[in-house]
Amino acid sequence: MARKRSTRTRTTFFFFILLSIIAFCAFVPVFAPLPSLSSHSHYDHSHSQPKKVTAQKFEIANDMFWKDGQPFQIIGGDLHYFRVLPEYWEDRLLRAKALGLNTIQTYVPWNLHEPKPGKLVFEGIADIVSFLKLCHKLGFLVMLRAGPYICAEWDLGGFPAWLLATEPALRLRSSDPAFLHLVERWWEILLPKVAPLLYENGGPIIMVQIENEYGSYGNDKAYLHHLVTLARGHLGDDIILYTTDGGTRETLEKGTIYGDAVFSAVDFTTGDEPWPIFELQKKFNAPGKSPPLSAEFYTGWLTHWGEKLAETDADFTAAALEKILARNGSAVLYMAHGGTNFGFYNGANTGGDESEYKPDLTSYDYDAPIGETGDVDNAKFKALRSVIQKYSAESLPSVPTNNEKAGYGPIHLQKKEFLFDILNRIDYIDLVESENPISMESVGQMFGFLLYVSEYAAKADGSILSIPKVHDRAQVFISCSSEDKGGRPTFVGTIERWSNRMLGLPKTKCVSNISLYVLVENMGRINYGPYMFDRKGILSSVYLDGRVLHRWKMLPFPLNNLNEVPKTNPIIQDAYSEFKKKSARRKAKENVSEEPAFYAGHFTIVKENDIKDTFISFSGWGKGIAFVNEFNIGRYWPMMGPQCSLYVPAPVLQQGENVVVLLELESPNPKLVIHSVDQPDFTCRSSKLNVRRL
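Overview of the structure. (Residues numbered from 1 in each chain as written. Predicted model: local features only at pLDDT ≥ 70, side-chain atom pairs only at ≥ 80, totals over all residues. Heavy atoms only, no water.)

Regarding the overall build of the protein
Argument step 1. A count of helices and strands for the protein gives 14 helices and 34 strands.
Argument step 2. Residue burial in the protein is summarised as follows: out of 694 residues, 61% are buried. (Helix = DSSP H or I, 4+ residues; strand = E, 2+ residues; numbered from the N terminus. Buried < 20%, exposed > 50% of the residue type's maximum accessible area, 1.4 Å probe, protein only.)

Some thoughts on the packing of aromatic side chains
Argument step 1. One pass over the full model with this rule turns up 41 aromatic pairs.
Argument step 2. Look at Trp-110 and Trp-162: their rings are 6.2 Å apart centre to centre, the planes differ by 90 degrees, and that puts the pair in the edge-to-face class. Within this pair, whereas Trp-110 is found in helix H4 (residues 110-113), its partner Trp-162 is found in the loop between strand E7 (141-145) and helix H6 (177-194), the two being separated by 52 residues in sequence. Here the two residues Trp-110 and Trp-162 agree in accessibility, since each one is buried.
Argument step 3. The rings of Trp-110, Phe-122, Tyr-149, Phe-159, Trp-162, Phe-179, Trp-186, Tyr-214, Tyr-217 and Tyr-223 are connected pair by pair, giving a single aromatic cluster.
Argument step 4. Sitting over the face of the ring of Trp-637, Lys-623 holds its NZ or CZ atom 4.7 Å from the ring centroid. (Phe/Tyr/Trp six-rings, centres within 6.5 Å; stacked < 30°, edge-to-face > 60°. Lys NZ or Arg CZ within 6 Å of the ring centre and 35° of its normal.)

Some remarks on the packing of helix H3 (residues 89-99) against helix H5 (residues 128-137)
Argument step 1. Axis separation between H3 and H5 bottoms out at 11 Å; the angle between their running directions is 40 degrees. Judged by the angle between their axes, H3 and H5 are oblique. Like other packed secondary-structure pairs, H3 and H5 cross with a definite hand, here right-handed. Judged by residue contacts, Trp-89, Glu-90 and Leu-93 of H3 engage Ser-130, Phe-131, Leu-134, Cys-135 and Lys-137 from H5.
Argument step 2. For the contact of H3 with H5, the class distribution of residues is five nonpolar, one polar and two charged. (Axes fitted to C-alpha atoms, helices over the stretch in contact; angles between N-to-C directions. Parallel < 35°, antiparallel > 145°, perpendicular 65-115°, else oblique. Left-handed = near helix turned anticlockwise from the far one by under 90°. Contact = heavy atoms within 4.5 Å. Nonpolar A, V, L, I, M, F, W, Y, C, P; charged D, E, K, R; others polar.)

Concerning the pattern of salt bridges
Argument step 1. Under the criterion given, the structure shown has 32 salt bridges.
Argument step 2. Among the salt bridges present, the one from Glu-167 reaches Arg-535, with a minimum N-O distance of 3.2 Å. Of the two residues, Glu-167 is situated in the loop between E7 and H6 and Arg-535 in the loop between strand E23 (514-521) and strand E24 (537-538); the sequence distance between them amounts to 368 residues.
Argument step 3. A salt bridge links Asp-367 to Lys-380; the shortest N-O distance between them is 2.8 Å. Here Asp-367 is found in the loop between strand E14 (357-359) and helix H11 (379-391), whereas its partner Lys-380 is found in helix H11, with 13 residues between them in sequence.
Argument step 4. Each of Glu-354, Lys-469, Asp-472, Arg-497, Asp-534 and Lys-536 takes part in a single network of salt bridges with overlapping partners. (Salt bridge = Lys/Arg side-chain N within 4 Å of Asp/Glu carboxyl O.)

Some remarks on the sheet that holds strand E2 (residues 58-61)
Argument step 1. Taken together, the three strands give an open sheet; going across it, the order is E2-E3-E4, and neighbouring strands pair in antiparallel fashion. Edge strands, defined here as strands with exactly one partner in the open sheet, are E2 and strand E4 (70-72). The mean inter-strand angle of the sheet, taken between neighbouring strand axes irrespective of direction, is 45 degrees.
Argument step 2. Pairing of E2 with strand E3 (residues 64-67), which is carried by four bridges, proceeds in the antiparallel orientation. The partner of Ile-60 across the bridge, within E3, is Phe-65. (Pairing = 2+ DSSP bridges.)

Concerning H11
Argument step 1. Looking only at H11, the buried set comprises Lys-380, Phe-381, Ala-383, Leu-384, Arg-385, Val-387 and Ile-388.
Argument step 2. Backbone nitrogen of Lys-380 and a side-chain oxygen of the N-cap are separated by 3.1 Å at the start of H11; the cap is Asn-378. (Polar contact = N/O pair within 3.5 Å; in protein donor to acceptor, adjacent residues only side chain to side chain.)

Remarks on the state of the cysteines
Argument step 1. Across all of its chains, the model carries two disulfides by this definition.
Argument step 2. Between Cys-480 and Cys-510 runs a disulfide, and the two sulfur atoms are separated by 1.9 Å. Judged by the torsion about the S-S bond (90 degrees), the Cys-480/Cys-510 disulfide is right-handed. A residue pair is termed long-range when its members are at least 10 positions apart, and Cys-480 in strand E20 (residues 473-480) and Cys-510 in the loop between strand E22 (503-505) and E23 qualify at 30 residues. (Disulfide = S-S within 2.5 Å.)

Notes on the side chain of Ser-363
Argument step 1. With respect to the helices and strands, the residue Ser-363 is situated in the loop between E14 and H11.
Argument step 2. A polar side-chain atom of Ser-363 sits 3.2 Å from the main-chain amide nitrogen of Asp-365.
Argument step 3. Beyond its immediate sequence surroundings of up to four residues, Ser-363 is in contact with Gly-339, Asn-341, Glu-372, Gln-643 and Phe-682.

Describing empty space enclosed by the protein
Argument step 1. In this structure, the largest cavity occupies an estimated 40 Å³ of space.
Argument step 2. Along the walls of the largest cavity sit Arg-83, Val-84, Leu-85, Tyr-88, Arg-92, Thr-340, Phe-342, Glu-372, Tyr-647 and Pro-649, which together make up its complete lining.
Argument step 3. For the lining of the largest cavity, a count of residues per class yields six nonpolar, one polar and three charged.
Argument step 4. Put simply, the second largest cavity is a space of about 40 Å³.
Argument step 5. Within the lining of the second largest cavity, the residues separate by chemical class into seven nonpolar, one polar and one charged. (1 Å grid on protein atoms, 1.4 Å probe; cavity = no way out; pocket = protein on both sides within 12 Å on 5 of 7 lines; lining within 4 Å. Points joined across faces, edges and corners; volume = space filled by probe spheres on them.)

As for the side chain of Glu-441
Argument step 1. Residue placement: Glu-441 occurs in helix H13 (residues 440-443).
Argument step 2. The residues touching Glu-441, leaving out its near neighbours within four places in the chain, are Ala-161, Leu-164, Ala-165, Met-446, Arg-525, Asp-534, Arg-535 and Lys-536.

Considering the environment of Glu-595
Argument step 1. The residue Glu-595 is located in the loop between helix H14 (570-585) and strand E28 (597-605) in this model.
Argument step 2. The buried category is assigned to Glu-595, whose relative accessible area is 7%.
Argument step 3. The sequence separation of Glu-595 and Leu-419 amounts to 176 residues, and the corresponding C-alpha distance is 7.8 Å.
Argument step 4. Contacts of Glu-595, omitting those with residues within four sequence positions, involve Phe-418, Phe-420, Phe-477, Arg-488, Pro-489, Glu-664 and Leu-665.
Argument step 5. A polar side-chain atom of Glu-595 sits 2.6 Å from a polar atom in the side chain of Arg-488.

This is how it looks when you write it as structure tokens:
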């Protein structure tokens, strides 16, 4: 059993890191049918339901949607509040309005709102209530996809990573009582927040989705029934609950619930003939209760690292949409606006084996009609709008112009600190010791990186290292503390989940034991398919020359994630101000190495009205994480591609000094320079990549 060596909390550990950094003038802190649902023994609607204030009603009858007694065609789009900065919510929604949409569909990621057990976040980018109210203010209806599983190309399909640390292991997406208890606790927080915003209560929410594409995963009807009972208990019997599944008999059989208590919607590949699928949909709804709805009409597709950016033809997509709308079908564009996977929240997919691991890009542009930066001056937006306006009940608003963008030029960086130096200066960090390696989640490190440390006796002819199961990417280093240079870690090689290989450790003359360091990066948890229980870190024994290597230390190294706001403190701010003054007087000519290190630089925006969206180009760099003014803008990996630049929204920037901090993992640009540019770039290594065009 692993035991913590220190009683200090991880907060204390992070605080020590910050103090260490400040002391060396480093950088800012980055770091079967349903039973009757007319009554429920566990819930008293007279107390839990908000008082109805209007006669608004949204319902299904005669195979149509009806809004306040009038037939209604849903022309909607997915736009996820958690992929757009709050300052830009209104901008993106107005662009969706100009596209002709009358409904917004959004997921609710549990992990964003409860990153740690009991720690609830509903502020900033997680302020779902404000987002829903804004949708209402702008005249949108809302389809809310409450989960608890959402997929969404989002880490672990929206489940909190701490679920993976629970023992005995939970059976996610099932009627496992321990799992359902946690879901109940979460929905007891979430659903009462959104209940006042149901359409019948004067709000915008017309439908609430139960689970997501469950027919592609399992067949546990008791689980689905339980979710329906929970939702009804908090939201009442009038709200339309719905499921979404692929448009095949198999997926609909497994994922939907017969009868009129839950509406069954479908999704399918763009270009498939929709009306045979809608006819199939009717078989899974009660008579007269099956308005044709494609709940995910794909406007584009996702892209993984190492692939060429996915694209779909604008006219082809528009023609496919018209086939639905022309016969009074409803559709929700997935995506209307994709946005960005800021922080560490990108998801991942697999092939036929869990080792066929494919992490998603930081960009979630999705080739949607409203681009990652809100751009609408493109062929797809125009083609879809042209179709939508034919079937819209109202005239469409004028199309806004693209937001201005700026390139602020080269940003020269300085190497501030080797990663290992930060750790070596701290004597009492919150490390964990164990005979064998344990997962990141078990250590309490949910995102980012975990350093595994052990040691072995030197051999004259070197050794062979094998880690059969590492999630996801491990950089291996060795050092000898008895050497004159003080045991500087030497990079040996990389072991990757998708191309796992044995690694030769060089022969080293060392009086003492050789220290072995394995820095493991969590590159995003699987969000879809049978391998979702995706713990991170070293998940097997480690073998040295065929023998199991024991006695491990696990050192967490937390960095700020999307929903974690850095704590400000006057001492830190003063030290940081002094760092900037010194940085401005120093040149950025330093030796580079393959050892992970932090690099920092800054650029100046003189006038407030010069603050615009920009992109940071990482041409010539290797792989890492970037922060701008303490905000985690995501992962960069130009060596793999196709994404060469990261989007920096204007609200992240400020008049005056703007500081960029990189954690570069392996190969910094020899010139130690990055560039702020006014256009995105998705062409890195594209000539060597397979084309994915739908």
